[in-house]
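Chain and residue survey
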Amino acid sequence: MSEEGRTKKFMFVNRKAPYGTVYALESLEVVLITAAFDQDVSLAFLDDGVYQLRKGQQTKGIETKNFSPTYRALEGYDIEKLYVEKEAIEARGLSEEDLLVEVTVLDRQALGKLMDEQDVLLSF
Amino acid sequence: MKFGILVNEGPYQHQASDSAYLFCKAALAAGHQVFRVFFYHDGVHNASRLTEPPQDDRNIVTRWSALAESHGVDLVVCVAAALRRGIKEENLAPGFRISGLGQLVEAGIQADRLVTFGD
Amino acid sequence: MLHIVNKSPFTHSALDTCVQVGQQGGDLLLIEDAVYAAVAGTAVERLVRHALQRFRVFALSPDLEARGVAGQLIEGITLVDYTGFVELVTHNKTCQSWL
């Protein structure tokens, strides 16, 4: 399905918390479509973006769809490269056990190195 | 060089749409190709032909339409984001079309550079 | 790569995170409300000076002029117009907008 059979490295850089704005949800929709185009997809969670992966999200009271289970479904779309900023989870009193999915925790410089290796960076 | 542009914010509320437009204009003037501008999130409001700014203000919507007309820039509005926000075929300004998110991914694949403007 | 920041450094962490994450030798462009970071004598001048040691730092002059702050820039920052913005994008293999 990829255009002219080309595969590019797409990284989605998520820096916003869920629910306060729609960006996290609509970003996830692009992630799924990109995977359907057989592209090399990875996700990076920096700053407040790490809150997207927080366990225990209950959205009934704000009458909004809880889209956090989608992160657990990413594996089924062969999206397995999830990177989380070490400084961001530490600053927010979180640890890997507080997150919904298995991730690779990297410090800011290691994340920056990965970003440098991408073909397309998308941030919402 | 071939550019793809992503606009994530609506007109008048945020500078993103103005910045994106001025970037496109400069890219075209330098002889580059802007082959697609993709409008996502509140960016879909850039496509509303019902927009009527006061006379002394710029018309952001017709400015985009003019770019499509003069340079063949493909103005694509995300269907899911548009329907959520009441943008439909019947209120689409000239030069815009509604399509899926695949058009954004395709822009990422085909363009030499994809530049994002948002909040 | 090119890092594009559009947020005021006084209300958002975007510039700070960008400077910590970005790799040595990259380019940094300040646009929209981020151009306030380019002004000398503010509380964020140290952060920008740190950025200058690691990246080439540019600021979009129409955005500086619009905000009345074009005349008092931190030394080492290069002014560009939209044509220069386009050149920075073509010069770098990728760009990241720190929204």
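Up top is the structure these notes are about.
In this report, we go over the structure that sits alongside the text. Please read all numbers here as calculations on a predicted model, not as lab measurements.

1. Let's talk about the overall build of chain A
Check the secondary structure of chain A and you find 4 helices and 5 strands. Beginning at the N terminus, the succession of helices and strands in chain A can be written as β-α-β-α-β-α-β-α-β. Relative to the 2.2 N^0.38 estimate, which gives 14 Å for 124 residues, the radius of gyration of chain A is 14 Å and therefore close to what a compact globule would have. Dimensions along the principal axes, computed over C-alpha positions, put chain A at roughly 45 × 35 × 25 Å. Taking all 124 residues of chain A together, 51% fall into the buried category. Residue pairs in contact within chain A that sit at least 24 positions apart in sequence constitute 76% of those at least 6 positions apart. With an accessible surface of roughly 5,800 Å², chain A has 46% of that area assigned to carbon and sulfur atoms. Positive and negative side-chain charges in chain A, numbering 15 and 23 respectively, have mean positions lying 3 Å apart.

2. Quick notes on the interface of chain A and chain B
In many reports, interface size means the accessible area that the parts give up when they come together. If you look at the interface, chain A gives 22 residues, while chain B gives 20 residues. Here chain A packs against chain B, burying approximately 1,800 Å² in sum over the two surfaces, 58% of which is carbon and sulfur. Inspection of the region where chain A meets chain B yields 3 salt bridges. As a salt-bridge pair, A:Glu26 and B:Arg84 come within 2.7 Å of each other at their nearest N and O atoms. Applying the counting criterion to the chain A and chain B interface returns 11 residue pairs in polar contact (both at pLDDT 80 or more). Contributions of two or more residues to the side of chain A that touches chain B are made by helix 1 (23-36) and strand 5 (120-123) of chain A. For the side of chain A that touches chain B, the leading source of residues is helix 1 of chain A, giving 8 residues. Residue composition of the side of chain A that touches chain B, grouped by class: 11 nonpolar, 4 polar and 7 charged.

Reading the values: rules and limits
Residues numbered from 1 in each chain as written. Chains lettered and ligands numbered in written order. Predicted model: local features only at pLDDT ≥ 70, side-chain atom pairs only at ≥ 80, totals over all residues. Heavy atoms only, no water. Helix = DSSP H or I, 4+ residues; strand = E, 2+ residues; numbered from the N terminus. Rg over C-alpha atoms; globule rule 2.2 N^0.38 Å. Buried < 20%, exposed > 50% of the residue type's maximum accessible area, 1.4 Å probe, protein only. Contact = heavy atoms within 4.5 Å. Areas by Shrake-Rupley, 256 points an atom, 1.4 Å probe, with all protein chains shown as cover. Lys, Arg positive; Asp, Glu negative; His and termini not counted. Charge placed at Lys NZ, Arg CZ, Asp CG, Glu CD. Buried area = accessible area lost by both parts, 1.4 Å probe. Salt bridge = Lys/Arg side-chain N within 4 Å of Asp/Glu carboxyl O. Polar contact = N/O pair within 3.5 Å; in protein donor to acceptor, adjacent residues only side chain to side chain. Nonpolar A, V, L, I, M, F, W, Y, C, P; charged D, E, K, R; others polar.

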